[in-house]
Amino acid sequence: MTKRALITGITGQDGAYLAELLLSKNYDVYGMVRRSSTNNKERLNHLKNDIHLIDGDLADGGNITRMLNTVQPDEIYNLGAQSHVGSSFDMPEFTANVDGLGILRLLESMRTLDMQDTKFYQASSSEIFGNSPETPLNETSPFLPCSPYGVAKLYAYWTVINYRQAYDFYACNGILFNHESPMRGAEFVTRKITKAVAGIYHGSKETLKLGNLNAKRDWGHARDYVRGMWMMMQMDQAGDYVLATGETRSVRKFIEAAFAYIDIQIEWQGESENEKGINKKTGDILVEIDPNFYRPNELHCLVGDAKKANKKLGWSPEISFNDLVAEMVAHDIEVYQK
Ligand code: NAP
Ligand code: G4F
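A quick note: this is a predicted structure, and the numbers were derived from the prediction, not measured. Here, residues in each chain are numbered from 1, in the same order as that chain's written sequence. Labels are handed out in written order, letters beginning with A for the chains and numbers beginning with 1 for the ligands. Thresholds applied to this predicted model are a pLDDT of at least 70 for local features of residues and 80 or more for the giving and counting of side-chain atom pairs; totals over whole chains, interfaces and linings are not thresholded and use all residues. Side-chain descriptors were evaluated using all non-hydrogen atoms of the structure, hydrogens and water having been removed beforehand.

## Describing the site of ligand 2
Here's step 1: We call a residue near a molecule or strand whenever a single non-hydrogen atom of that residue lies within 4 Å of it. Taken together, 22 residues surround ligand 2, and among them Ser-125, Ser-126, Tyr-149, Arg-295 and Glu-298 come closest.
Here's step 2: Polar contact is the term for a pair of N or O atoms within 3.5 Å; when the atoms are in protein, one must be able to donate a hydrogen and the other to accept it, and sequence-neighboring residues count only if both atoms are side-chain atoms. His-84 places a polar side-chain atom, nitrogen or oxygen, 3.5 Å from a nitrogen atom of ligand 2.
Here's step 3: Residue Tyr-149 places a side-chain N or O atom 2.8 Å away from an oxygen atom belonging to ligand 2.
Here's step 4: Notes on ligand 2: free accessible area 710 Å², of which the protein chains cover 95%.
Here's step 5: Classification used: nonpolar for Ala, Val, Leu, Ile, Met, Phe, Trp, Tyr, Cys and Pro, charged for Asp, Glu, Lys and Arg, polar for all others including Gly. Considering only residue class, the shell around ligand 2 consists of nine nonpolar, seven polar and six charged. Accessible areas in this description were obtained via Shrake-Rupley with a 1.4 Å probe; residue shielding takes into account the shown protein chains only.

Structural data, given as structure tokens:
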């Protein structure tokens, strides 16, 4: 029997990779797309003839109920979100509405429509741990979110568990640590770096302006993480799972790795806001600090422990950090336009 999946956030990084994966498994794939005056479907160009797109928005409850009633999916993957942590400080109310209440709208629609046999995946995030005192972080670590985004995602996390307990829904939280790819949004730090490196490779005289270089993240590849999402939905019982690589690196290390791919060695000079990343060979200033990119509250270090996912789902990441950086820089060099 062909399974039918509905993906909210299908136009995003993970949405595109997940749609690709589900099509390869012969799913009938539906995706919610929000109205935009510009093209927000670029990541789906290669799939557009194989998927069904439906206009919708996580902020609109009636629209969600009608969409679920029409599609009648076997599996729902809720990936839609205002996903930028920095922006959530500027738009806390919008972020809470979409990333928090959006999940409630979906689960309430499922309850109203009596969709007891539909499985539900929630894109939870390592941001819910905030600056938790534990390391590495697993499913039992304390939650201390330190951004409006993290707080909204924590509301969504508990809503999923509440609907599982109260109404016996198959609903899981994938607590995913940072995952990147050539399809990562340009405003996230990894892609911002790889795009700038590609520009410099092609002769651009730009300087890469960044905020906190000391923050550490557990970076994996999005392709590995969407495989984990699907695995969580194939179990007999729903659960909550951390997906992470178990390795952590600073933003500074990511910069060094990305420049190393084009044979540039970075030397760091100066301190805090005056720190600069210099091309060791030529003396050119390639990286500078712009305090506008500092956040009102920073999550300093993330490193996850995915033992539960490994034991119960058989999941482990397959793409290494160096291969991730290489793929991203190579892609941005190829698609670079002045
Ligand atoms: P992304 O590239 O920013 O994609 C977000 C998606 O949500 C886009 O399709 C976006 O549509 C859609 N969206 C935004 N507001 C919406 C609304 N009001 N109604 C319906 N859809 C809306 O994010 P991603 O990296 O793929 O992440 C996917 C999910 O995983 C998100 O929920 C994110 O918070 C979560 N997550 C991501 C990571 C990570 O490292 N990538 C880690 C943990 C959790 P437009 O294209 O129109 O903007
Ligand atoms: O790339 P980022 O914006 O990712 P962040 O904040 O870790 O959030 C991502 O991962 C979460 C999972 O942990 C997801 F839930 C979330 O949706 C998103 O995908 O920033 C990473 C680090 C931060 O510490 C930030 O302060 O990089 C630092 N940074 C330094 N300069 C910068 C910049 N971040 C951005 N976006 N832009 C800068 O110029």
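## Considering helix H6 (residues 189-201)
Here's step 1: Taking 1.5 Å as the rise per residue, H6 with 13 residues should run 18 Å; its terminal C-alpha atoms sit 18 Å apart, in good agreement.
Here's step 2: Only protein chains enter the area calculation, which uses a 1.4 Å probe; residues under 20% of their type maximum are buried, those over 50% are exposed, and those in between are partly exposed. Helical segments are the DSSP runs of H or I of at least four residues, strand segments are the runs of E of at least two, and each set is numbered from the N terminus. For H6, the full list of buried residues reads Thr-190, Arg-191, Ile-193, Thr-194, Ala-196, Val-197, Ala-198, Gly-199 and Ile-200.
Here's step 3: Every residue pair with non-hydrogen atoms within 4.5 Å of one another is taken to be in contact. Looking at the buried side of H6, the elements it contacts are strand E7 (179-180), strand E8 (208-210), helix H8 (251-261), strand E15 (285-289) and helix H10 (321-335).
Here's step 4: At the exit of H6 stands Gly-203, carrying a positive phi of roughly 100 degrees. Any helix carries an expected span of 1.5 Å times its number of residues minus one.

## Let's talk about the environment of Tyr-149
Here's step 1: Take Tyr-149: it is sitting in helix H5 (residues 148-167).
Here's step 2: Once the C-alpha coordinates of Tyr-149 and Phe-89 are considered, the two residues, 60 residues apart in sequence, prove to be 7.9 Å apart.
Here's step 3: For Tyr-149, the contacting residues outside a window of four places in its chain are Gln-82, Ser-83, Val-85, Ser-88, Thr-95, Asp-99, Ser-125 and Glu-127.

## Comments concerning the packing of H6 against H8
Here's step 1: At a minimum axis distance of 10 Å, the contact between H6 and H8 shows a crossing angle of 30 degrees. The angle between H6 and H8 falls in the class roughly parallel. In this structure, the crossing between H6 and H8 has a hand that is right-handed. Between H6 and H8, the contacting residues are Val-189, Thr-190, Ile-193, Thr-194, Val-197 and Ile-200 on the first element and Val-251, Phe-254, Ile-255, Ala-258 and Phe-259 on the second.
Here's step 2: Grouping the constituent residues of the contact of H6 with H8 by class yields nine nonpolar, two polar and no charged. Note on geometry: axes are C-alpha line fits, over the in-contact stretch for helices, and angles between N-to-C directions span 0 to 180 degrees. By definition in this entry, angles of less than 35 degrees are roughly parallel, angles greater than 145 are roughly antiparallel, angles of 65 to 115 are roughly perpendicular, and the rest are oblique. Handedness of a crossing is defined here by the sense of rotation of the near helix relative to the far one, left-handed for an anticlockwise turn of less than a right angle and right-handed for a clockwise turn.

## Focus: the packing of aromatic side chains
Here's step 1: Aromatic contacts are taken between Phe, Tyr and Trp rings whose centres are within 6.5 Å, Trp giving its six-membered ring; a plane angle under 30 degrees counts as stacked, one over 60 as edge-to-face, and the others as tilted. What the rule picks out here adds up to 12 aromatic pairs.
Here's step 2: Taking the centre distance of 5.0 Å and the plane angle of 80 degrees together, the rings of Tyr-157 and Trp-158 count as edge-to-face.
Here's step 3: For Trp-158, a relative accessible area of 46% puts it in the partly exposed group.
Here's step 4: Here the aromatic rings of Tyr-163 and Phe-169 are separated by 6.5 Å at their centres, their planes lie at 20 degrees, and the arrangement is stacked. Of the two residues, Tyr-163 and Phe-169, neither departs from the other in class, the shared state being buried.
Here's step 5: Taken together through their ring pairs, the aromatic side chains of Phe-129, Phe-143, Tyr-157, Trp-158 and Phe-177 make up a single cluster.
Here's step 6: Think of it as a cone above the ring: NZ of Lys or CZ of Arg counts as a charge over the ring if it is within 6 Å of the ring centre and within 35 degrees of the ring normal. Note that Lys-192 overlies the ring of Phe-293, its terminal NZ or CZ placed 3.3 Å from the centroid.
Here's step 7: We note Lys-308 situated over the ring of Tyr-241; from NZ or CZ to the ring centre the distance is 4.7 Å.

## Examining the pairing of strand E4 (residues 75-78)
Here's step 1: Here E4 shows two buried faces, one formed by Glu-75 and Tyr-77 and the other by Ile-76 and Asn-78.
Here's step 2: By the convention used here, strands pair only if DSSP detects at least 2 bridges between them. Relative to E4, strand E1 (residues 4-8) runs parallel, the two being bridged by four bridges. When the sheet's bridge partners are listed, Ile-7 is paired in E4 with Tyr-77.
Here's step 3: Pairing geometry for E4 and strand E5 (residues 119-125), over four bridges, is parallel.

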